[in-house]
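# Structure at a glance
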Amino acid sequence: MRHRFDLRIGPVGFRIGSAWRAPIAALGQLYRGYPKPVDGIADFTVRLEPETRWRRFVRPSVAIRGDFTLPDAAPLALAHGLLAAEMGMNLQMALGQRRYLILHASAVERDGRALLMTGHSGAGKSTLAAILGERGWRFMGDEFALLDPATGLLHAFPRLVSLKNQAIAAMEAEVAPDRFGPRLSGTPKGDIRHLRPNDAAIAAMSAPARPALILFPRFGFESAERPMGESEVFVRLTQASTNYVALGEPGFDALGHLVKSVPARAIDYPDTGSAVTMAERLWREAGL
Amino acid sequence: MAGPCYEADAPGARLHRSLDALDLIYHRPSGMTHMVSEPVPQILAALAAGPADAAKIARRLAATHDFDANGAEDAIAARLAELEAVGLVRRA
């Protein structure tokens, strides 16, 4: 590939190649200071290529390719190249990760213990983790939490936070402008703006944490909470994992242990401030 | 008339974990996770003594559990049919 950028996010190394300079320049800017893959060997490769050869120049459109691909994925406009790179990295993780049980969850850490948040798209797990990450917690990731079956520890995956629609303004009020990428308007997911995790989150990305509390947030409702039984949590977490079946027995053991040993609560919240208050209170009530 | 006779893999082919309301069974040969409730774990345990039909399983369970084997046979036969459909037991 003409342009290339290598980096490590938590324990996972990526090599990203691109036919165009712009997406690589944007990645280099937002991921500045991230480490390189261990021993220079990437776990996954992502390639941003023209859909056909001449589309590198004429109305350029970016096809996401790599070790794992979705055959029917629609190409993105070159202006959305940064999004294409992020989607490509997510795709490699979702389809190819075999070392860790992947939970589609955000996570923050305090005192070596992790708060996991998972839920459907739009539940607010990404924004909630990003906000907590600016208010005394270590941001571990907004998309994937990596559970190590061998240790039961959670590994961070602090990629750029992908802020969508209303979450963009919420974080613009919280964080200095130099940590944001360009606003990408009219993407298939609406408006998107990427946010670089803070320096503390990046510096500590290699430190795992012990899972201590699982929240299932739901945005847009009056404040409410309820404890969740182990069976319900197990089902929800298998649904939230992209590789539970592929991992086989280690995945069963890891998830079973997580569900038996970590308390879980469903929370409804009307606004981010309420959610932060509830998360802090539930953390205290769990004796953490 | 005796119903169909079933057998299950040896107990070591399954991992079992009890949750609050349900039980989890990981079936090693297929790699599948099953969520089950009583009396499914007990039926599988009873089959460890060898192939059996519903009536024989009811008698085995009555020997180790406090319940009336009369009338339990139909329920056990229904569970066996379900277990056969998901691959946890097969016709002997």
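Within each chain, residue numbers correspond to sequence positions counted from 1 in written order. Going through the entries in the order they are written, you letter the chains from A and number the ligands from 1. Local features in this predicted model are restricted to residues of pLDDT 70 or higher, and side-chain atom pairs are both shown and tallied only at a pLDDT of 80 or more, whereas totals for entire chains, interfaces and linings draw on every residue.

This next bit is on the nonpolar core. All names here are of chain A. Counting 90 residues, the largest nonpolar core has Leu103, Ala107, Leu115, Leu116, Ala145 and Leu147 as the members making the most contacts within it. Helix and strand labels come from DSSP, where a helix needs a run of H or I of at least four residues and a strand needs a run of E of at least two; each type is numbered from the N terminus. At eight residues, the largest contribution of residues to this core is made by helix α2 (residues 81–96). Two domains each put at least three residues into this core: domain 1 (3–96) and domain 2 (101–159 + 197–285). Every residue in contact with Ala145, bar those within four places of it in the chain, is listed here: Leu103, Ala105, Ala107, Leu116, Met140, Leu154 and Phe157. Think of a nonpolar core as buried Ala, Val, Leu, Ile, Met, Phe, Trp, Tyr and Cys residues, each tied to the set through C-beta atoms within 7 Å. Three classes are used. A residue is buried when 20 or more other C-beta atoms lie within 10 Å of its own, exposed when 12 or fewer do, and partly exposed in between, with C-beta atoms placed from the backbone. In this entry, domain limits derive from an automatic or database-based domain assignment. Note on contacts: each residue gets a C-beta atom placed from the backbone, and two residues are in contact if those atoms are within 7 Å.

What follows deals with helix α3 (residues 125–134) of chain A. Residues and elements named next belong to chain A. Among the ten residues of α3, nine are classified as buried, and the element is accordingly described as predominantly covered. Every buried residue of α3 is listed here: Lys125, Ser126, Thr127, Leu128, Ala129, Ala130, Ile131, Leu132 and Gly133. Once α3 ends, the next one or two residues include Gly136, with phi positive near 100°.

Let's shift gears to the sheet that holds strand β2 (residues 12–18) of chain A. Residues and elements named next belong to chain A. Two strands qualify as a pair provided DSSP detects at least 2 bridges between them. Read across the sheet, five strands follow the order β1-β2-β3-β4-β5 without closing on themselves; strand pairing throughout is mixed. Each having just a single partner strand, β1 (3–9) and β5 (76–77) make up the two edges of the open sheet. As paired strands, β2 and strand β3 (residues 44–50) are joined by five bridges and run parallel to one another. Across the sheet, the residue bridging to Phe14 is Phe44, located in β3. Of the strands in this sheet, β1, β2 and β3 touch helix α1 (residues 21–30), which is tilted by about 30° from β1. Only the contacting stretch of a helix is used when fitting its axis, a line to C-alpha atoms as for every element, and angles between N-to-C directions run 0 to 180 degrees.

Next up on the list: the pairing of strand β4 (residues 61–66) of chain A. Residues and elements named next belong to chain A. Judged by which residues are buried, β4 turns out to be one-sided: Val62, Ile64 and Gly66 face inward and are buried, whereas Ser61, Ala63 and Arg65, on the alternate face, are not. As paired elements, β3 and β4 share five bridges and run antiparallel to each other. From the neighbouring strand, Pro50 faces β4, where its bridge partner is Val62. Both β4 and β5 contribute to a ladder of two bridges, which runs antiparallel. From the neighbouring strand, Val62 faces β5, where its bridge partner is Leu76.

Another aspect to go through is the pairing of strand β4 (residues 32–36) of chain B. Residues and elements named next belong to chain B. Note that strand β3 (residues 23–27) and β4 share five bridges and pair antiparallel. Its bridge partner lying in β4, Ile25 is registered against His34. Counted between consecutive antiparallel strands, the loop separating β3 from β4 contains four residues, among which Gly31 sits at a positive phi close to 75°.

So, on to α2 of chain A. By this rule the span expected of a helix is its residue count minus one, scaled by 1.5 Å. Taking 1.5 Å per residue, 16 residues should reach 22 Å; α2 of chain A reaches 22 Å between its end C-alpha atoms and fits that length. Of the residues making up α2 of chain A, those classed as buried are Gly81, Leu82, Leu83, Ala84, Ala85, Glu86, Met87, Gly88, Met89, Leu91, Gln92 and Met93 of chain A.

With that settled, consider the interface of chain B and chain A. Facing twelve residues of chain B, the contacting portion of chain A comprises ten residues. Elements with a contribution of two residues or more to the side of chain B that touches chain A: β2 (14–18), β3 and β4 of chain B. Side-chain classes follow a simple rule in which Ala, Val, Leu, Ile, Met, Phe, Trp, Tyr, Cys and Pro form the nonpolar group, Asp, Glu, Lys and Arg form the charged group, and the remainder, Gly included, forms the polar group. Classifying every residue of the side of chain B that touches chain A by side-chain character gives seven nonpolar, two polar and three charged.

This part is about the packing of helix α2 (residues 54–64) of chain B against helix α3 (residues 72–86) of chain B. All names here are of chain B. Following both chains from N to C, one finds α2 and α3 inclined at 115°, their axes separated by 9 Å at the closest point. The orientation of α2 with respect to α3, classified from their angle, is roughly perpendicular. As α2 packs across α3, the resulting crossing turns out to be right-handed. Counting all contacts with α2, which are made through Ala54, Ala55, Ile57 and Ala58, the residues of α3 involved are Ala72, Glu73, Ile76, Ala77 and Leu80. Within the contact of α2 with α3, the residues separate by chemical class into eight nonpolar, no polar and one charged. If an angle is under 35 degrees, it is roughly parallel; if it is over 145, roughly antiparallel; if it lies from 65 to 115, roughly perpendicular; otherwise it is oblique. Helix crossings get a hand from a simple test, with the near helix turned counterclockwise from the far one by less than a right angle marking a left-handed crossing and a clockwise turn marking a right-handed one.

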